[in-house]
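Observations on the model geometry
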Amino acid sequence: MITYGKFNLSNYADCLIVTDEKIANLYNISGSNVYLLPRGEAAKTFEHAQNLCRWFLQQNLGKDGKVVAVGGGSIGDTVGFACSIYKRGVSLLHVPTTWR
C-alpha cells in the first residue's frame, strides 16, 4: 500500500534517518539519529556510503534496525546502497520528496 502525507518525525523515533540539509530544514529533522548527506549527485560516492556505514556502526544499528531515507533520488540511491551492504542488509524505508 502506498500512502501520501506529511513526514512526521515522531513516527520514526526508533529509526536512523538520513537526509540532506535542505530537507532537514524544511521538515525540521534533527537529532542524534539524523545523518546529513550532501545534496544531489555529490551524495552518490563510495566515500559517502562508507561514512554512512561507519555512522551505522557508531549508532549501534543492528541487523534488525531500520533506516529512513528522506529525500530525492540521490539520497535514496546512496542510503539504499549503504543499507544493502551493511551487515548484509538492514531494513530501509524511502520517503521521497521529489516526484513528477
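These lines cover the structure that appears in this document, whether it is placed above or below.

What counts and what doesn't
Residues numbered from 1 in each chain as written. Predicted model: local features only at pLDDT ≥ 70, side-chain atom pairs only at ≥ 80, totals over all residues. Heavy atoms only, no water. Pairing = 2+ DSSP bridges. Helix = DSSP H or I, 4+ residues; strand = E, 2+ residues; numbered from the N terminus. Axes fitted to C-alpha atoms, helices over the stretch in contact; angles between N-to-C directions. Contact = heavy atoms within 4.5 Å. Phe/Tyr/Trp six-rings, centres within 6.5 Å; stacked < 30°, edge-to-face > 60°. Buried < 20%, exposed > 50% of the residue type's maximum accessible area, 1.4 Å probe, protein only. Right-handed = clockwise from strand over helix to strand, strands pointing away.

This brings us to the sheet that holds strand S1 (residues 16-20). Pairing is parallel across the open sheet formed by four strands, whose spatial order is S2-S1-S3-S4. Edge positions in the sheet fall to strand S2 (34-37) and strand S4 (91-96), since each of these pairs with one other strand and no more. Adjacent strand axes in the sheet meet at a mean angle of 20°, parallel and antiparallel pairs treated alike. This element, helix H3 (residues 73-85), spans S1, S2, strand S3 (66-71) and S4 of the sheet and lies at about 160° to S3.

Moving on, we get to the packing of aromatic side chains. Scanning the model with the defined rule gives four aromatic pairs in all. Taking the centre distance of 6.2 Å and the plane angle of 50° together, the rings of Trp 55 and Phe 56 count as tilted. Considered together, Trp 55 and Phe 56 belong to a single accessibility category, that of buried residues. Aromatic pair Phe 56 and Tyr 86: ring centres 5.2 Å apart, planes at 75°, arrangement edge-to-face. Of the two residues, Phe 56 sits in helix H2 (residues 46-58) while Tyr 86 sits in the loop between H3 and S4, which places them 30 residues apart along the sequence. Both residues of the pair, Phe 56 and Tyr 86, belong to the buried class.

The subject of this paragraph is the pairing of S4. Where S3 and S4 come together, six bridges link them in parallel fashion. Its bridge partner lying in S4, Val 67 is registered against Leu 92. Handedness of the crossover joining S3 and S4 through H3 is recorded here as right-handed.

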